[in-house]
Amino acid sequence: MKLIRFGALDHEKPGVQLSNGNRIDVSDFGEDYTEHFFGSDGIERLKKWLNDNESKCALVAKETRLGSPLCRPSKIVCVGLNYAKHAAESGMAIPKEPVLFFKATSSIIGPNDTVILPKGSTKSDWEVELAIVIGKKASYVSEEDALNYVAGYVLHNDISERAFQLEREGQWVKGKSCDTFAPLGPFIATKDEIKDPNNLNLWLKLNGETMQNSSTSDFVFNIQEVVSYISQFMTLLPGDVISTGTPFGVGLGLTPPMYLKEGDVMELGIEGLGISKQNVIAYKE
């Protein structure tokens, strides 16, 4: 099943994208895609509800805006340097254990919403990433059991302001959390839709030119390792997002480096998780 949310900003409704590509409104199910939904077997309950009610659901027009496919989660946990070639292009060693940082949930936008370069930005960058959506409360989870805690997967553009991230004092979170810096979607694919999350093609184009084209088979730490590892240090709640890192091909790694500017267009996708597209504008007072 593919979960979507659609409609005007801050007024999104829950929906489902069907196998034929049609989108339907499931507002009558009575729940949005929240922590409660994921933590109370909502996916299975929605599947059963659709068996009886799908024919009664209104179609969503193709031109309707898509929002983030889940409501604001308790946290976004990101894994840094999780592809060997990206670590190399960043001039950093391959980590011996996952590098973790947070991204503010206020940075979440819809998959095709406009990205705003923050005030004072000089080095904003792109990062296509596979993100995990947690399905139930997870604490001290084993690698063997980790996938049982996954609800599904979603496309994420982990946009990063490198000057804020690397040249200012403190942790990476400043460069990761600017408003509009976390486009999610177009949909959450439930776990059963993705046969092997550790072997998916992912790519990103900037103004039509391919910048990133790789596979999650190049993970330093795979999905099971990441979920288990993070759960040793914090409780993951239903609906939480784990972003698993980006492959090589970011602007920071080019010679010379190249960063986002007003008028740029990013298009990105992951096998089985659809495509998103963001226009870039500069912050205006």
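Everything that follows concerns the structure shown earlier in this document.
Residues numbered from 1 in each chain as written. Predicted model: local features only at pLDDT ≥ 70, side-chain atom pairs only at ≥ 80, totals over all residues. Heavy atoms only, no water.

**Student:** Could you give an account of the layout of surface pockets, naming the residues involved and the relevant values?
**Tutor:** The space that makes up the largest pocket amounts to roughly 390 Å³. Residue lining of the largest pocket: 23 residues in total, with Leu9, Arg72, Ser106, Ile108 and Ile109 positioned closest to the centre. Each residue belonging to the lining of the largest pocket can be placed in one class, and the counts come to 9 nonpolar, 6 polar and 8 charged. Tallying contributions element by element places helix 2 (residues 42-53) first for the lining of the second largest pocket, with 4 residues. Residue classes in the lining of the second largest pocket are distributed as 6 nonpolar, 6 polar and 6 charged. (1 Å grid on protein atoms, 1.4 Å probe; cavity = no way out; pocket = protein on both sides within 12 Å on 5 of 7 lines; lining within 4 Å. Points joined across faces, edges and corners; volume = space filled by probe spheres on them. Nonpolar A, V, L, I, M, F, W, Y, C, P; charged D, E, K, R; others polar. Helix = DSSP H or I, 4+ residues; strand = E, 2+ residues; numbered from the N terminus.)

**Student:** So, the pattern of salt bridges: which residues are in play, and what are the values?
**Tutor:** In a structure, side chains of opposite charge can pair up when their charged atoms sit close to one another. Taken as a whole, this structure holds 17 salt bridges when the rule is applied. With a shortest N-O distance of 3.7 Å, Asp192 and Lys47 are connected by a salt bridge. Pair noted here: Asp192 is in the loop between strand 12 (182-190) and strand 13 (201-206) and Lys47 is in helix 2, with a separation of 145 residues, a long-range link. We note a salt bridge from Asp158 to Lys103, for which the minimum N-O separation is 2.5 Å. (Salt bridge = Lys/Arg side-chain N within 4 Å of Asp/Glu carboxyl O.)

**Student:** Got a sec to walk through unusual backbone geometry? Specific residues and values, please.
**Tutor:** In this structure, the amide linkage connecting Thr255 to the following residue, Pro256, adopts the cis form with an omega of -5°. Inspection of the secondary structure assignment puts Pro256 in the loop between strand 15 (241-243) and strand 16 (265-270). Positive phi, close to 70°, is recorded for Asp10, a residue that is not glycine. Given the relative accessible area of 64%, Asp10 is considered exposed. A positive phi is found at Thr180, a non-glycine position, where the angle reads about 75°. By the secondary structure assignment, Thr180 is in the loop between helix 5 (173-176) and strand 12. The buried category is assigned to Thr180, whose relative accessible area is 9%. (Buried < 20%, exposed > 50% of the residue type's maximum accessible area, 1.4 Å probe, protein only.)

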